[in-house]
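# Chains, contacts and geometry: an overview
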Amino acid sequence: RAKQQGKGCYVVFDATMRTDALRRLQLQTDLRWAIEKNQFQLHYQPIINLENGEISGFEALLRWQHPQEGFISPAEFIPVAEEAGLIVDIGEWVLRQACRQLREWKQKFNCHPQLRMSVNLSGQQFTSDLSQKIDRILTETEVMGSELKLEITETAIMSDPQLAIATLNELKHREIKLCIDDFGTGYCSLGYLHQFPVDVLKIDRSFVSQMFLDENKRELVKVIVALAHSLGMDAIAEGIESQEQLYQLKSLECQYGQGYYFSKPLNPQEAERLLNKSSMAEKFHRQDSSVLL
Ligand code: C2E
Ligand code: MG
Ligand code: MG
Ligand code: MG
């Protein structure tokens, strides 16, 4: 290969690249069986109302326990699943599992009536039958459309804006809440933004984490919050890790936030413990409901 490209030109296709390619191939193969073999689990990260410290919902985040390699990050295996065309089935599993979990929690903790579940969608899940699929899952799990929030990225929407608008409108008719994830990192034209029936802009972690170090990032966060408000949307900040970040976001009137400062993504048992604790706080010591802040 390298020879064909002429003298003095070296193609660096070395051992690392080969192992990378082989690894992806192996992961693709293993991903095909992951659902049947029960290797997936959802973890849940609380989304906090920054005005009163209450848990407004959870974001479901997929975890894969590989039998040989142990835990593999979604940042690595989601792109592989997309490449292999497996993300549609996996995404359906995630939706069903997240809705089941929400139903269970609503029954157990009836003191959290506003609790919502956020689920990440890949662009490939935007097919013409998406809303019918979701209808089936909602009926089966007895979850209302208004209790579900879907997170989509700008990139997923912008690859076919007309299809996206049509699909998003169908979801909107079911009162499903829609959120643009990692907002500010993609290329969402402002001309389109107001045409999307979106309820929430989620400010990317890269802006939030640098708010204190970088004046420009702070300005960007400010602008995104203002943009959300002027379009009648809410803003969520992701990746809040410090009290300073929290205070600054509150002063910018960003309504919701999530991040390690409040909680890492939790397994179902840990999430239940958190729900239990905060429901207790609400019941017995009203002012303590801000215990998370
Ligand atoms: P995302 O949707 O933007 O999710 C936020 C990611 O940031 C999560 O990583 C979360 O654990 C992490 N995070 C939250 N708070 C903090 C913080 O304070 N500091 C830091 N350093 N990180 C924080 P995770 O779980 O590894 O997921 C990575 C990405 O994988 C997600 O980004 C999402 O794009 C994708 N993903 C995860 N689950 C699913 C799924 O079920 N379906 C699809 N299509 N994608 C998923
Ligand atoms: Mg997300
Ligand atoms: Mg995000
Ligand atoms: Mg992100």
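In the nomenclature of an unreviewed UniProt entry, the chain is known as Diguanylate cyclase of Planktothrix tepida PCC 9214.

## What to know about helix α2 (residues 74-83)
Along α2, the residues classified as buried are Phe77, Val80 and Ala81. Each buried residue of α2 sits inside an arc of 100° when the element is viewed along its axis, so together they form one side. In α2, the exposed residues that point more than 90 degrees away from the buried face are Ala75 and Glu83. For α2, the elements touching its buried residues are α1 (15-34), β1 (40-49), β2 (55-66), β3 (70-72) and α3 (87-108). Here α2 starts with a cap whose side-chain oxygen sits 3.0 Å from the backbone nitrogen of alanine 75, and that cap is serine 73. Phi for glycine 85, located one or two positions after α2, is positive at around 70°.

## As for the packing of α1 against α2
Relative to each other, α1 and α2 sit at 75°, their axes nearing to 10 Å. On the basis of the axis angle, α1 is roughly perpendicular to α2. From α1, Arg23, Arg24, Leu27, Gln28 and Leu31 reach across to α2, where they touch Glu76, Phe77, Val80, Ala81 and Glu83. When the residues that make up the contact of α1 with α2 are grouped by side-chain class, the tally is five nonpolar, one polar and four charged.

## Observations regarding the coordination of the magnesium ion (ligand 4)
Protein-derived coordination of the magnesium ion (ligand 4) comes from Asp182 (OD) and Glu238 (OE), at a distance range of 2.2 to 2.3 Å. Between the two metals, the magnesium ion (ligand 4) and the magnesium ion (ligand 3), the spacing is 3.0 Å, and aspartate 182 donates to both. With aspartate 182 in strand β6 (residues 177-183) and glutamate 238 in the loop between β8 (234-237) and α10 (243-251), this pair connects stretches of sequence that are 56 residues apart.

## With respect to the coordination of the magnesium ion (ligand 3)
With distances of 2.0 to 2.4 Å, the protein atoms coordinating the magnesium ion (ligand 3) are Asp181 (OD), Asp182 (OD) and Glu238 (OE). All donors of the magnesium ion (ligand 3) come from a single chain, and their spacing in sequence reads D-D-x55-E. The metal-metal distance between the magnesium ion (ligand 3) and the magnesium ion (ligand 2) is 3.7 Å, with aspartate 181 serving as a donor to both.

## Remarks on the side chain of glutamate 272
The residue glutamate 272 is located in helix α11 (residues 268-284) in this model. Only 3.1 Å separates the side chain of glutamate 272 from the side chain of lysine 108, close enough to count as a polar contact.

## Here we look at the site of ligand 1
Among the 21 residues in the neighbourhood of ligand 1, the closest are listed as Arg63, Asn120, Asp181, Glu241 and Tyr260. Between glutamate 238 and ligand 1, the recorded distance is 3.4 Å, taken from a side-chain N or O atom to an oxygen atom. Measuring from a nitrogen atom of ligand 1, one finds a side-chain N or O atom of glutamate 241 at 2.5 Å. Compared with its free state, where it exposes 800 Å², ligand 1 has 84% of that area covered by protein. Those elements giving two or more residues to the shell around ligand 1 turn out to be β2, α2 and β6.

## Remarks on unusual backbone geometry
The phi torsion at glutamate 142 lies on the positive side, around 55°, for a residue other than glycine. Along the chain, glutamate 142 falls in the loop between α4 (130-141) and β5 (148-153). Taking the relative accessible area as the measure of exposure, glutamate 142 reaches 58% and is therefore exposed. The phi angle at glutamate 175 is positive, at roughly 65°, despite the residue not being glycine. Turning to its location among the elements, glutamate 175 is positioned in the loop between α6 (161-173) and β6.

## Thoughts on the packing of α4 against α6
Axis separation between α4 and α6 bottoms out at 9 Å; the angle between their running directions is 25°. As far as their axial angle goes, α6 and α4 are roughly parallel. Relative to α6, α4 is oriented so that their crossing is right-handed. Contacts from Leu130, Ser131, Gln132 and Ile134 of α4 reach α6 at Thr167, Glu170 and Leu171. Considering only residue class, the contact of α4 with α6 consists of three nonpolar, three polar and one charged.

Analysis parameters
Residues numbered from 1 in each chain as written. Chains lettered and ligands numbered in written order. Predicted model: local features only at pLDDT ≥ 70, side-chain atom pairs only at ≥ 80, totals over all residues. Heavy atoms only, no water. Buried < 20%, exposed > 50% of the residue type's maximum accessible area, 1.4 Å probe, protein only. Helix = DSSP H or I, 4+ residues; strand = E, 2+ residues; numbered from the N terminus. Arc of directions from axis to C-beta. Contact = heavy atoms within 4.5 Å. Polar contact = N/O pair within 3.5 Å; in protein donor to acceptor, adjacent residues only side chain to side chain. Axes fitted to C-alpha atoms, helices over the stretch in contact; angles between N-to-C directions. Parallel < 35°, antiparallel > 145°, perpendicular 65-115°, else oblique. Nonpolar A, V, L, I, M, F, W, Y, C, P; charged D, E, K, R; others polar. Donors = N, O, S within 2.8 Å, 3.2 Å for Na, K, Ca; no water. Near = heavy atom within 4 Å. Areas by Shrake-Rupley, 256 points an atom, 1.4 Å probe, with all protein chains shown as cover. Left-handed = near helix turned anticlockwise from the far one by under 90°.

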